[in-house]
Amino acid sequence: MLALDMLAKRYGQRPSEIAGVSALGDWISYQFDIFICQRGLKAEMDLLQDESKPALTSTGFAAPPSAVKAVKIKPDGTWDSE
């Protein structure tokens, strides 16, 4: 669902057009689009709230884990590596 929602956003098309549901009629297409939108938003919110899962980037792939570590910089501009 999230992949279809992301595809629709990226290419500026309705999810029903991408999935071929638009041939079934306007009302069914509208309901399908709303369903995909709601599921996509829920999936995005779940990913944001669950910090144990890697966040998705704009490409839809998980971002690599950050390797940032706090260090104390000495007055001479150096720091100890541990």
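Reading guide: rules and limits
- Residues numbered from 1 in each chain as written.
- Predicted model: local features only at pLDDT ≥ 70, side-chain atom pairs only at ≥ 80, totals over all residues.
- Heavy atoms only, no water.
- Helix = DSSP H or I, 4+ residues; strand = E, 2+ residues; numbered from the N terminus.
- Buried < 20%, exposed > 50% of the residue type's maximum accessible area, 1.4 Å probe, protein only.
- Contact = heavy atoms within 4.5 Å.
- Expected span 1.5 Å × (residues − 1).
- Salt bridge = Lys/Arg side-chain N within 4 Å of Asp/Glu carboxyl O.
- Axes fitted to C-alpha atoms, helices over the stretch in contact; angles between N-to-C directions.
- Parallel < 35°, antiparallel > 145°, perpendicular 65-115°, else oblique.
- Nonpolar A, V, L, I, M, F, W, Y, C, P; charged D, E, K, R; others polar.

Visitor: Describe the overall build of the protein, naming the residues involved and giving the relevant values.
Guide: Summing up its helical and strand segments, the protein has three helices and zero strands in all. Counted from the first residue to the last, the protein has its helices and strands arranged as α-α-α. By the burial criterion, 13% of the 82 residues in the protein qualify as buried. Contacts spanning at least 24 positions in sequence make up 36% of the contacts within the protein whose residues lie at least 6 apart.

Visitor: Give a description of the side chain of aspartate 5 that names residues and reports values.
Guide: Note that aspartate 5 resides in helix H1 (residues 2-11). Among residues more than four places away in sequence, those in contact with aspartate 5 are Ile36, Cys37, Gly40 and Glu44.

Visitor: Please provide a residue-by-residue account of helix H3 (residues 26-49), values included.
Guide: Quick reminder: α-helices carry 3.6 residues per turn. Residues three or four places apart thus point the same way. If you check H3, its first and last C-alpha atoms are 34 Å apart, about what 24 residues at 1.5 Å a residue would give, namely 34 Å. Within H3 the residues assigned to the buried category are Ser29, Asp33, Ile36 and Gly40. Buried residues belonging to H3 abut H1 and helix H2 (15-19).

Visitor: Let's hear about the pattern of salt bridges: which residues, and what values?
Guide: As enumerated under the stated definition, the model contains four salt bridges in all. The residue lysine 9 makes a salt bridge to aspartate 5 at a minimum N-O spacing of 3.3 Å. With a gap of four residues between them, lysine 9 and aspartate 5 both fall in helix H1, about one helical turn apart. Overall, the relative accessible area of 7% leaves aspartate 5 in the buried class. Here lysine 74 ties to aspartate 80 by a salt bridge, and the two come within 2.9 Å at their closest N and O atoms. On the basis of relative accessibility, which here comes to 46%, the residue aspartate 80 falls in the partly exposed class. Salt bridges sharing common partners tie together Asp5, Lys9 and Glu44.

Visitor: Residues and numbers for the environment of leucine 4, please.
Guide: In this structure, leucine 4 sits in helix H1. When its relative accessible area of 17% is taken as the criterion, leucine 4 is described as buried. Non-local contacts of leucine 4, meaning those with residues more than four positions away in its chain, are made with Pro15, Ile18, Ala19, Phe32 and Ile36.

Visitor: Please provide a residue-by-residue account of the packing of H1 against H3, values included.
Guide: Two quantities define a packed helix pair, namely the angle between the axes and the distance from one axis to the other. In contact at an axis separation of 8 Å, H1 and H3 are set at 110° when each is read in the N-to-C sense. The angle between H1 and H3 falls in the class roughly perpendicular. Contacts between H1 and H3 involve Leu2, Leu4, Asp5 and Lys9 from the former and Phe32, Ile36, Cys37, Gly40, Ala43, Glu44 and Leu47 from the latter. Classifying every residue of the contact of H1 with H3 gives seven nonpolar, one polar and three charged.

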